[in-house]
Structure formats: C-alpha cells, structure tokens
Amino acid sequence: MAVVRYSNFFVVLLNMYRMDPHLLKIKTRVKVLLSLLLLCCSQHILSQVVTLDLRADHPNAKNAIVWTKQPNDNVGTTSQNLEVAAWTWDGTPGSTRSYFDFDRSQIPAGAVILSARLDLFALRGTAQHSTLSGPNDAYLGRISSNWSQSTISWNNQPVVSTQNEIYFSQTPNAALDYLTDVTQLVKDMQASPVGGGFRLKLNTESYYRRLMFASHVHPQTEMRPVLHVRYYKKLPTFTIQES
C-alpha cells in the first residue's frame, strides 16, 4: 500500500511541475525536484520485500518439550515429535507442552514485518492427533520471559503472554497440518527485548487427547517446522529545509 501512495504522489508532483513550472519559485522547484528524487528512491526500496524461511533445525533455534513425568528435564531436544498431549504413560496420567523459537536474528533491526506464517506438519503413522476422550483444541502463545533450551522444564517454564494468542480449533483429522498466520505474534516478539518464541499448550490437559507434529529432528526434513517471514527495511526520515 505504501508503494501505491508514493507512486500517486510522484505523479501529482510531476504533472504539477510540467504544467507550468514558471508558477513556482526557484526554491520551490528545487524542493519539488528533491522530493521527487527521494520518492523515487523510496519507491525502489519499498519494492525490495524480503522473504525468510526460518527453520526449526537451524543451530540457533530452540526446541523443548516439558513433561509432567520428568518435571526437571527438557525431553524435546532429540524427540522427533513436537507435541502437546494429555495421555497416560505406563498407566500414569500426564501432560506435555512444547516451546520453540527460530533464529529471528536473521530479521534485521528496523524491519517492518508484512506477514509471518508458521507451518507445523502432522505426524503420519501411529502417533497422530487424537480426540479419544475429548477435543484437542490448543493455544499458541508468545513466550514473554527469557528462557533457555538447556534449563527449561515443567517445573521451570517461562512466562507466556495471552496477548494476541492464537486458538487452534479441535480436529478429528488425525493428519491435519497447521499453517497458521502468526504475523502479530512475530511483530510482538520483534518489538520486545525480552523472551521470544512460541508455546503450544492444550486447552484441556485431561487424557486422552493430543496434537502431534514433526519436530526439528524429524527424519523427513521437509516436515520440520518452518516460520515464513516477509518484511521490508524501514526507510530513514528526510527533511528538506528552506534556507
């Protein structure tokens, strides 16, 4: 939209100058020409939209699953699953939550986020989404406090903001992929110097129900989570002063 506004303004100024340049004082004409030059540059820069595909298997990404059965451990660094589950393990009820972040340092400072989409691909086979005992709806939220992949656990979970959180509606489709617009969450992350990343949590943590996605170490690399970000670099402000 910004490119269109600049383009129209450019045409108006150019036509005004061409119609009768003698109506304008010399200083005004100079200012108009400088404005046109700056607008041309702005139009060119704004057209340079960048798309990043940030992958969960990047060395600087973070991945964690916390589990009530091992409350002092991160069990997600080597798991092929990115999961949120309320299930029983060896007859013992429990729950899991997933925390993850991408290498967002690839987004330059001052970038204007146009869109962001999170792709989570459902597991195929026996470990799939389930609504065995009830709905498997969930919430995707922004982590709003600092956290470490090496120290996170069920007993040491970071703070998660409910602002702009995203609701994942239940699905009876055991192999449904979730391609989710997370633009506002990513904007919030980039605007905050603290925390960052996503938490996925079931709405009802009572067995048996779950969502099961491929993780950052899934053997099929094309199924690993990806965050697609489109942005452009914010332009500096120019001021033309009359001497």
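What counts and how
- Residues numbered from 1 in each chain as written.
- Predicted model: local features only at pLDDT ≥ 70, side-chain atom pairs only at ≥ 80, totals over all residues.
- Heavy atoms only, no water.
- Buried < 20%, exposed > 50% of the residue type's maximum accessible area, 1.4 Å probe, protein only.
- Helix = DSSP H or I, 4+ residues; strand = E, 2+ residues; numbered from the N terminus.
- Pairing = 2+ DSSP bridges.
- Polar contact = N/O pair within 3.5 Å; in protein donor to acceptor, adjacent residues only side chain to side chain.
- Contact = heavy atoms within 4.5 Å.
- Salt bridge = Lys/Arg side-chain N within 4 Å of Asp/Glu carboxyl O.
- 1 Å grid on protein atoms, 1.4 Å probe; cavity = no way out; pocket = protein on both sides within 12 Å on 5 of 7 lines; lining within 4 Å.
- Points joined across faces, edges and corners; volume = space filled by probe spheres on them.

> What am I meant to see in the pairing of strand 7 (residues 138-143) here?
A regular strand places its side chains so that they alternate between the two faces of the sheet. Where burial is concerned, most of strand 7 is hidden: five out of the six residues are buried. As paired strands, strand 7 and strand 10 (residues 198-202) are joined by five bridges and run antiparallel to one another. Note on strand 10: the bridge partner recorded for tyrosine 139 is lysine 201.

> How should the side chain of histidine 218 be read in this particular structure?
The residue histidine 218 is located in the loop between strand 11 (209-214) and strand 12 (226-233) in this model. According to the relative accessible area criterion, histidine 218 is buried, its value standing at 9%. Polar side-chain contacts of histidine 218 include one of 3.0 Å to the backbone nitrogen of glutamine 220. For histidine 218, the contacting residues outside a window of four places in its chain are Gln80, Leu123, Met223 and Arg224.

> I tried to follow the pattern of salt bridges on my own but got confused; where do I start?
Side chains bearing opposite charge may pair, as long as their charged atoms lie close to each other. Following the criterion strictly, the structure yields seven salt bridges and no others. A salt bridge links aspartate 57 to arginine 55; the shortest N-O distance between them is 3.1 Å. Residue classification places aspartate 57 among the partly exposed residues on the basis of a relative accessible area of 28%. In this structure, the salt-bridge partner of aspartate 177 is arginine 124, at a minimum N-O distance of 3.5 Å. With a gap of 53 residues between them, aspartate 177 in the loop between strand 8 (160-168) and strand 9 (178-181) and arginine 124 in the loop between strand 6 (111-120) and strand 7 connect regions that are remote in the sequence. By relative accessible area, which is 49% here, arginine 124 ends up partly exposed.

> What is the right way to look at empty space enclosed by the protein in this model?
Over the atoms rolls a probe the size of a water molecule, and its path tells where empty space is left. Inspection of every chain in the model, using the stated rule, returns one cavity of 30 Å³ or more. Within this model, the largest cavity holds a volume of roughly 60 Å³. Lining the largest cavity are Asn63, Ala64, Ile65, Gly76, Asn81, Leu82, Ser98, Tyr99, Phe100, Ser215 and His216.

> Is there a simple way to think about helix 3 (residues 183-191) in this case?
One full turn of an α-helix is made of 3.6 residues, so residues set three or four places apart face in the same direction. Inspection of helix 3 places Thr183, Leu185, Val186, Asp188 and Met189 among the buried residues, and these make up the whole buried set. Contacts from the buried residues of helix 3 go to strand 6, strand 7, strand 8, strand 9, strand 10 and strand 12.

So yeah, pure geometry; function would need other evidence.
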